[in-house]
Amino acid sequence: MSSHAFADRLRSNAIRRRFRDPELRAVLWLGLLTIVLTALAAAQTGWLQVVPVAVLTVPLLLGGVLLGPRTLSWFVVFVMVMIVVAASRLTLSDRDAVAIGVHFMLGFILLFVGERRTDLGVGGLSNEVMLRDLTRKLDQGAIPPMPPGWLADSAVLPAGGTQFAGDLVVAVRVDNRLEVVVVDVSGKGVRAGTRALQLSGAFGGLLGALPPSEFLPAANRYLLRLDWQEGFATAVYLSIDLTNGAYEIRSAGHPPALLRRAATGRWEEAESTGPVLGLIDDVEFDACEGVLGVGDMVMLYTDGVVEARGVDLESGIGNLVATADHLAVTGRGGGARRLLEGLSASSDDRALVAVGRR
């Protein structure tokens with residue numbers, strides 16, 4: 001193949017790839033729609049006289065939804081020019097002039113939005129897909145598949161109905177060991193959710209890569225390096241051997257993990273202590289160790305599950321364990337979410353994990 005033929009093929013492939021770009025296709029279709037609507041609005045004959053210039057609002061708003069920041073700015077200018085072209089062919093009333101002025105104000109608002117998107121590096125449907133994937137990562141409360149004889153369930157409920165939560169659950173299974181950390185980032189809602197997203201990836205990388213005794217110290221050093229001005233996090237960490245049920249629980253300023261013993265049918269608090277993450281260097285986290293027998297269960301949760309206005313911590317824990325017995329008995333999928341939804345309403349983010357032996 002000659003060099004010229006090879007270069008032509010490269011250009012052809014580049015053009016085909018370019019036309020597969022969804023944003024390019026969107027702007028071409030929106031441009032065609034704008035031209036058609038401009039022609040209809042500028043027409044002076046027959047029924048076409050009833051088509052108002054305001055119809056050009058449609059491609060303007062669609063562009064704000066579909067286009068990225070740079071393309072959006074040029075498209076807004078194009079639509080504004082088309083509005084002027086259509087208006088120049090008509091005899092305008094005072095109301096029409098005001099309507100066109102409103103359209104220009106809308107265009108300037110979209111230009112401002114486009115500039116903001118450029119600063120943030122987001123915009124258009126493809127970037128919204130990225131943000132949706134990130135919110136799904138925050139709600140990762142998923143536990144890896146468990147071997148026969150084990151059950152596990154988890155749930156995260158953000159405060160205020162948003163998709164961002166300052167509570168997160170990260171879990172990994174390496175060979176026959178399950179490691180889970182439940183984290184509560186300071187604050188709630190969207191602000192805390194951005195911090196939780198940052199910790200989610202970092203803690204996911206640490207889990208399974210370090211001995212159980214080193215996870216929380218490493219997590220603490222990571223938060224200290226972040227140097228959040230008003231940020232810290234509490235956490236409770238569980239490492240459990242799925243062959244014999246031996247577990248280790250460590251806590252960092254977090255509400256105590258709860259253990260249910262099948263022999264007695266009672267819940268007890270795991271005695272593990274440690275300071276919150278991100279405030280003090282060179283700290284130790286005491287471990288609560290034991291073995292889960294058949295029918296036993298361990299439950300990890302955040303303070304939003306047990307704390308409410310007018311309710312002290314001990315009463316909140318009592319309410320949780322009174323509601324949780326059915327989860328320990330059935331282990332059905334979705335039990336953790338039903339449990340959270342069945343507790344008293346809370347204005348805080350909430351997360352819960354339960355792991356047990358059948």
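Residues numbered from 1 in each chain as written. Predicted model: local features only at pLDDT ≥ 70, side-chain atom pairs only at ≥ 80, totals over all residues. Heavy atoms only, no water.

Novice: Is there a simple way to think about the pattern of salt bridges in this case?
Specialist: A side chain with one charge may pair with a side chain of the opposite charge, provided their charged atoms come close. Summed over all chains, the structure comprises 3 salt bridges. For Glu268, the salt bridge identified is with Arg261, shortest N-O distance 3.9 Å. Looking at Glu268, the relative accessible area reads 37%, which means it is partly exposed. By relative accessible area, Arg261 is classed as buried at 19%. Salt bridges sharing common partners tie together Arg261, Glu268 and Asp296. (Salt bridge = Lys/Arg side-chain N within 4 Å of Asp/Glu carboxyl O. Buried < 20%, exposed > 50% of the residue type's maximum accessible area, 1.4 Å probe, protein only.)

Novice: I keep staring at the packing of aromatic side chains and nothing clicks. Help me out?
Specialist: The relation between two aromatic rings is expressed through the spacing of the ring centres and the mutual angle of the planes. Inspection of every chain in the model, using the stated rule, returns 3 aromatic pairs. For the pair Phe75 and Phe78, a centre-to-centre distance of 6.3 Å together with 40° between the ring planes defines the contact as tilted. Highlighted residues: Phe75 and Phe78, both in helix α4 (residues 69-88), separated by 3 residues, approximately one helical turn. When its relative accessible area of 28% is taken as the criterion, Phe78 is described as partly exposed. Ring geometry for Phe203 and Phe215: centres 5.7 Å apart, planes at 75°, overall edge-to-face. (Phe/Tyr/Trp six-rings, centres within 6.5 Å; stacked < 30°, edge-to-face > 60°. Helix = DSSP H or I, 4+ residues; strand = E, 2+ residues; numbered from the N terminus.)

Novice: Could you clarify how one ought to interpret the side chain of Ser239 in this entry?
Specialist: Its location among the elements puts Ser239 in strand β4 (residues 233-241). What makes Ser239 buried here is its relative accessible area of 0%. Look past the residues within four positions of Ser239 in its chain and what remains in contact with it is Arg177, Leu178, Glu179, Pro212, Ala246, Tyr247 and Glu248. (Contact = heavy atoms within 4.5 Å.)

Novice: It is not clear to me how a negative patch on the surface should be interpreted in this structure. Could you clarify?
Specialist: Together, Glu269, Glu271, Asp312 and Glu314 make up a negatively charged patch on the protein surface. For Glu314, the location among the structural elements is in helix α10 (residues 313-330). (Patch = residues over 30% accessible without salt bridge, like charges linked within 9 Å, V, L, I, M, F, W, Y side chains within 5 Å. Areas by Shrake-Rupley, 256 points an atom, 1.4 Å probe, with all protein chains shown as cover. Lys, Arg positive; Asp, Glu negative; His and termini not counted. Charge placed at Lys NZ, Arg CZ, Asp CG, Glu CD.)

Novice: Would you take a moment to explain the nonpolar core for this structure?
Specialist: Soluble, globular proteins show a tendency: their nonpolar side chains are buried together. Counting residues in each nonpolar core, the largest one holds 25 residues, and the members touching the most others are Val180, Ile249 and Leu300. Excluding residues within four positions of it along the chain, Val180 makes contact with Ile143, Val169, Val170, Ala171, Val236, Tyr237, Leu238, Leu300 and Val353. (Core = buried A, V, L, I, M, F, W, Y, C linked by side-chain atoms within 4.5 Å.)

Novice: Where do I start with the sheet that holds strand β2 (residues 167-174) in this structure?
Specialist: As a general point, the strands of a sheet are linked pairwise by backbone hydrogen bonds and lie either parallel or antiparallel. Read across the open sheet, the 5 strands follow the order β2-β3-β4-β5-β8; overall the sheet is antiparallel. Whereas interior strands pair on both sides, the edge strands pair on one side only; in this sheet they are β2 and β8 (287-291). Across this sheet, the average inter-strand angle for adjacent strands is 15°, counted without regard to direction. Bridge analysis of β2 against strand β3 (residues 177-185) gives 8 bridges, and the strand direction is antiparallel. Bridged to Arg173 within β3 is Leu178. (Pairing = 2+ DSSP bridges. Axes fitted to C-alpha atoms, helices over the stretch in contact; angles between N-to-C directions.)

Novice: Teacher, can you tell me more about the packing of helix α2 (residues 22-42) against helix α3 (residues 57-66) here?
Specialist: A pair of packed helices is characterised by two quantities: the angle between their axes and the separation of those axes. Where α2 contacts α3, the axes come no closer than 10 Å and their chain directions differ by 170°. Taken together, the axes of α2 and α3 lie roughly antiparallel to each other. Seen from α2, the contacting residues are Ala26, Leu30, Leu33, Thr34 and Leu37; seen from α3, they are Pro59, Leu62, Gly63 and Leu66. Among the residues making up the contact of α2 with α3, the classes are represented as 7 nonpolar, 2 polar and no charged. (Parallel < 35°, antiparallel > 145°, perpendicular 65-115°, else oblique. Nonpolar A, V, L, I, M, F, W, Y, C, P; charged D, E, K, R; others polar.)

Novice: Before we go on, may I ask you to explain the sheet that holds strand β10 (residues 350-357) in this structure?
Specialist: If you trace the 5 strands from one edge of the open sheet to the other, you get β1-β10-β9-β6-β7, paired in antiparallel fashion. Where the open sheet ends on each side, the last strands, each with one partner, are β1 (150-157) and β7 (266-269). On average, each strand axis in the sheet is inclined to that of its neighbour by 15°, with strand direction left out of account. Looking at chain direction, strand β6 (residues 258-261) and strand β9 (residues 297-301) are connected through 3 bridges and run antiparallel. Across the sheet, the residue bridging to Leu258 is Met299, located in β9.

Novice: I would appreciate a short explanation of the packing of α3 against α4 in the present structure.
Specialist: Orientation of α3 relative to α4, taken along the N-to-C sense of each, is 175°, at an axis distance of 10 Å. Taken together, α3 and α4 sit at an angle that is classed as roughly antiparallel. On α4, the residues touching Pro59, Leu60, Gly63 and Gly64 of α3 are Leu72, Phe75, Val76, Val79 and Met80. When grouped by side-chain class, the residues that make up the contact of α3 with α4 number 7 nonpolar, 2 polar and no charged.

Novice: Would you take a moment to explain the environment of Ala43 for this structure?
Specialist: Turning to its location among the elements, Ala43 is positioned in the loop between α2 and α3. A relative accessible area of 16% places Ala43 in the buried class. Expressed as a C-alpha distance, the spacing of Ala43 and Leu90, which sit 47 residues apart in the sequence, is 8.4 Å.

By themselves, these are just geometric observations and shouldn't be taken as functional.
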